[in-house]
Amino acid sequence: MALTVQNFIKLANFYNQLAMTMSAICVQKGGIAMENYVGRFFAADVIQFVAEYGNRLKKDKSQPLTPEIIAVINKFEKQYGLVKSLCTPSQKPIHEMTLEEFEKVMNIV
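Quick caveat: nothing in here was measured; it's all calculated off a predicted structure.

*Asks:* Looking at this structure, how should I read the packing of aromatic side chains?
*Replies:* The description of an aromatic ring pair uses the distance of the two centres, along with the angle that the planes make with each other. Overall, the coordinates contain four aromatic pairs when judged by the stated rule. Ring centres 6.5 Å apart and planes at 15° place the aromatic pair Phe8 and Tyr53 in the stacked group. Here Phe8, found in helix α1 (residues 5–28), pairs with Tyr53, found in helix α2 (residues 40–59); they are 45 residues apart in sequence, far enough to count as distant. Grouping residues by exposure puts Phe8 and Tyr53 together as buried. Look at Tyr15 and Phe76: their rings are 5.8 Å apart centre to centre, the planes differ by 80°, and that puts the pair in the edge-to-face class. Taken together, the positions of Tyr15 in helix α1 and Phe76 in helix α3 (residues 67–83) put the pair 61 residues apart, joining distant regions of the chain. Comparing Tyr15 with Phe76, the two get one shared label, buried. Chaining the aromatic ring pairs together yields one cluster made of Phe8, Tyr15, Phe49, Tyr53 and Phe76.

Put into structure tokens, the structure is as follows:
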């Protein structure tokens, strides 16, 4: 995936849709707390990926970032800090894996 602002926006929108869907599921299941929903681990992994993508985008000086995009990146970094302990542990973070490493970890090969 090319490192672009458009891709970051797509990832951010995906996470926002995921959070909204998780909230609806929790309500549908009798109003369970989001902290008790098993999908919170997946959401933590997603936000980790989005935050790291944003960090790499900030480091990449080839594309100018608007103050709004920087604010969104900072918001995701802050949210990630709150759920960092829920992320799936691995020897190497998913966003640093090659496709071959990811397939091996996921047992897709």
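There is more to say after this.
*Asks:* Quick question: what am I supposed to make of the environment of Ala33 here?
*Replies:* By the element assignment, Ala33 lies in the loop between α1 and α2. With a relative accessible area of 31%, Ala33 lands in the partly exposed category. Between the C-alpha atoms of Ala33 and Ser23, which are 10 residues apart in sequence, the distance is 8.9 Å.

What counts, and at which threshold
- Residues numbered from 1 in each chain as written.
- Predicted model: local features only at pLDDT ≥ 70, side-chain atom pairs only at ≥ 80, totals over all residues.
- Heavy atoms only, no water.
- Phe/Tyr/Trp six-rings, centres within 6.5 Å; stacked < 30°, edge-to-face > 60°.
- Helix = DSSP H or I, 4+ residues; strand = E, 2+ residues; numbered from the N terminus.
- Buried < 20%, exposed > 50% of the residue type's maximum accessible area, 1.4 Å probe, protein only.

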